[in-house]
Amino acid sequence: YYATLDQWTEIHEIDLTQGVSSDFKLNLYPAFEPDIELSAAGNRLFVAESGLSGSNIYELNLDVAPTRTIDQSKWDDGYGFDSPGRHVYLGPSGKHLYYAGHQLDATNLAHALGDTGTVFAEDAAATFAVSTKGIIDAQTLTTVTPFLFPVSSAALTEGDSELWYYRPDLSQIVYAKVADFLSGKTLGQAQFDAGPLGAYTFSKLVADPARPRLYGLDASKNLIVSIDSTSGATLRSLTIEVGAKDMVFDA
């Protein structure tokens, strides 16, 4: 499967047993400068547009003929992501898809899970990922260990125990043990016991409609804190993505 860098291009398939004479276009509306990713099973193809103010990502089912689109992103009420770079990455587990600086649910492209920066690699267990931000927790999407230098590409090797990355500032490829980045870190834990009420600055409070609870958004610490509205005691804190400005209850 391949796509050209034309502004509007079809996605092509070539049967390698037959050669270039078998080249044909898949059944998809032309995409704008797309990048593509194939699932590990080889039956799903993700086509990610780039450069448009309304860019989308599409999932194609390759098990049927003609090939058809079975899912697509719904960002910004379906308009699309704003001018993303030409990059898409599917984690080896098939659980997470990284596109336009976000983690998406690879089984439901309408579900954007959070901001990640550009992700280059993820471990097979989908517990951590390597992005332009650094090593991030693939479950909570918090930065575990930030990079203090620019990184423009990366790969995991040796059973996800070794990280290779490229530093454009030094024009060097560097490798390191993953354990050096994760030492003393706990992955996958988003909730913690809350500190005292005075430790937080809330930009918004919402009341639980069914229980004696308040929820405070501390955007400076990227936390939501639950509060017992009867006693005023803080209960738990929840780590959320950077830059959240609002919250609302799902009725």
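Just so it is clear, the structure is predicted and the values come from calculations on it, not from any experiment.

*Asks:* I'd like to hear about the overall build of the chain, residue by residue, with values.
*Replies:* If you tally the helices and strands in the chain, you get one helix and 23 strands. Counting only C-alpha atoms and orienting by the principal axes, one finds that the chain spans roughly 75 × 45 × 30 Å. Taking all 251 residues of the chain together, the buried fraction comes to 41%. Sequence separation of 24 or more characterises 39% of the internal contacts of the chain that already satisfy a separation of 6 or more. Of the roughly 13,400 Å² that the chain leaves accessible, carbon and sulfur atoms contribute 52%. Put simply, the chain has 16 plus and 32 minus side-chain charges, and the middle of one group is 7 Å from the middle of the other.

*Asks:* How would you summarise the pairing of strand E4 (residues 35-38) if you had to cite specific residues and measurements?
*Replies:* With four bridges connecting them, E4 and strand E5 (residues 44-48) associate as antiparallel partners. Bridge pairing links Leu38 to Leu45 in E5.

*Asks:* An account of the sheet that holds E5 is needed here, citing residue identities and associated values.
*Replies:* In space, the four strands of this open sheet follow the order E4-E5-E6-E7, with antiparallel pairing throughout. Since the sheet does not close on itself, it has two edges, and those belong to E4 and strand E7 (68-72), each with one partner. Mean inter-strand twist for the sheet, computed between neighbouring axes without regard to direction, equals 25°.

*Asks:* For the packing of aromatic side chains, give the residues involved together with the corresponding values.
*Replies:* Scanning all chains against the criterion turns up eleven aromatic pairs. An angle of 15° between the planes, with centres 5.8 Å apart, marks the rings of Phe149 and Tyr165 as stacked. Of the two residues, Phe149 sits in the loop between strand E15 (143-146) and strand E16 (153-157) while Tyr165 sits in strand E17 (residues 162-167), which places them 16 residues apart along the sequence. Accessibility expressed as a relative area gives 22% for Phe149, which makes it partly exposed. The buried category is assigned to Tyr165, whose relative accessible area is 8%.

*Asks:* Describe the sheet that holds E17, with residues and values.
*Replies:* Spatially, three strands are ordered E16-E17-E18 in an open sheet, and the strand pairing comes out antiparallel. Two strands close off the open sheet at either side, each with one partner strand: E16 and strand E18 (172-177). The mean inter-strand angle of the sheet, taken between neighbouring strand axes irrespective of direction, is 20°.

*Asks:* Can you break down the nonpolar core residue by residue, with the values?
*Replies:* By size, the foremost hydrophobic cluster in this structure holds 22 residues, and its most contacted members are Val130, Ile135, Phe147, Leu156, Leu163 and Phe181. When residues of this core are traced back to their parent elements, those giving at least two are strand E12 (119-122), strand E13 (128-131), strand E14 (134-137), E16, E17 and helix H1 (178-182). Look past the residues within four positions of Leu163 in its chain and what remains in contact with it is Val130, Ile135, Phe147, Ala154, Ala155, Leu156, Val174, Tyr175, Ala176, Val178 and Phe181.

*Asks:* Now, about the pairing of strand E21 (residues 213-218): what can you tell me, with residues and values included?
*Replies:* Pairing of strand E20 (residues 204-207) with E21 involves four bridges; the strand directions are antiparallel. Looking across to E21, one finds that Leu205 is bridged to Gly216. Connecting the antiparallel pair E20 and E21 is a turn made up of five residues. As paired strands, E21 and strand E22 (residues 223-228) are joined by six bridges and run antiparallel to one another. Opposite Arg213, over in E22, you have Asp228 as the bridge partner.

*Asks:* So what's going on with a nonpolar patch on the surface? Residues and values would help.
*Replies:* On the surface, Trp164, Ile173 and Tyr175 cluster together into a nonpolar patch covering about 350 Å² of accessible area. In this structure, Tyr175 sits in strand E18. A relative accessible area of 53% places Tyr175 in the exposed class.

Conventions we followed
Numbers given for residues are sequential positions, taken from 1 along each chain in its written order. Reporting in this predicted model follows two pLDDT cut-offs: at least 70 for local features of residues, and 80 or more for side-chain atom pairs to be given and counted; totals over whole chains, interfaces and linings ignore these cut-offs and use all residues. Remark: hydrogens and water are excluded; side-chain values derive from all non-hydrogen atoms of the structure. Segments assigned H or I by DSSP are reported as helices when at least four residues long, segments assigned E as strands when at least two residues long, and all are numbered from the N terminus. For every residue, the accessible area (1.4 Å probe, protein chains only) is compared with the maximum for its type, and the residue is labelled buried under 20%, exposed over 50%, or partly exposed between those bounds. For this analysis, residues touch if any pair of their heavy atoms sits within 4.5 Å. The Shrake-Rupley method, run with a 1.4 Å probe sphere, supplies the accessible areas, and residue values consider only the shown protein chains as cover. We count Lys and Arg on the positive side and Asp and Glu on the negative side, and we leave His and both chain ends out. Charged side chains are reduced to one point each, which is NZ for Lys, CZ for Arg, CG for Asp and CD for Glu. A pair of strands is considered paired only if DSSP assigns at least 2 bridges between the two. In this description, a line fitted to the C-alpha atoms serves as the axis of each element, helices being fitted only across the stretch in contact, and the angle between N-to-C directions of two axes falls anywhere from 0 to 180 degrees. Any pair of Phe, Tyr and Trp rings, taking the six-membered ring for Trp, is counted once the centres come within 6.5 Å. Such a pair is stacked with planes under 30 degrees apart, edge-to-face with planes over 60 apart, and tilted for the rest. Put simply, a nonpolar core is a bunch of buried Ala, Val, Leu, Ile, Met, Phe, Trp, Tyr and Cys residues held in one set by side-chain atoms that sit within 4.5 Å of each other. Like-charged residues are merged into a patch within 9 Å and nonpolar side chains (Val, Leu, Ile, Met, Phe, Trp, Tyr) within 5 Å, provided each residue has over 30% relative accessible area and no salt bridge. Throughout this description, the term salt bridge denotes a Lys or Arg side-chain nitrogen within 4 Å of a carboxyl oxygen of Asp or Glu.

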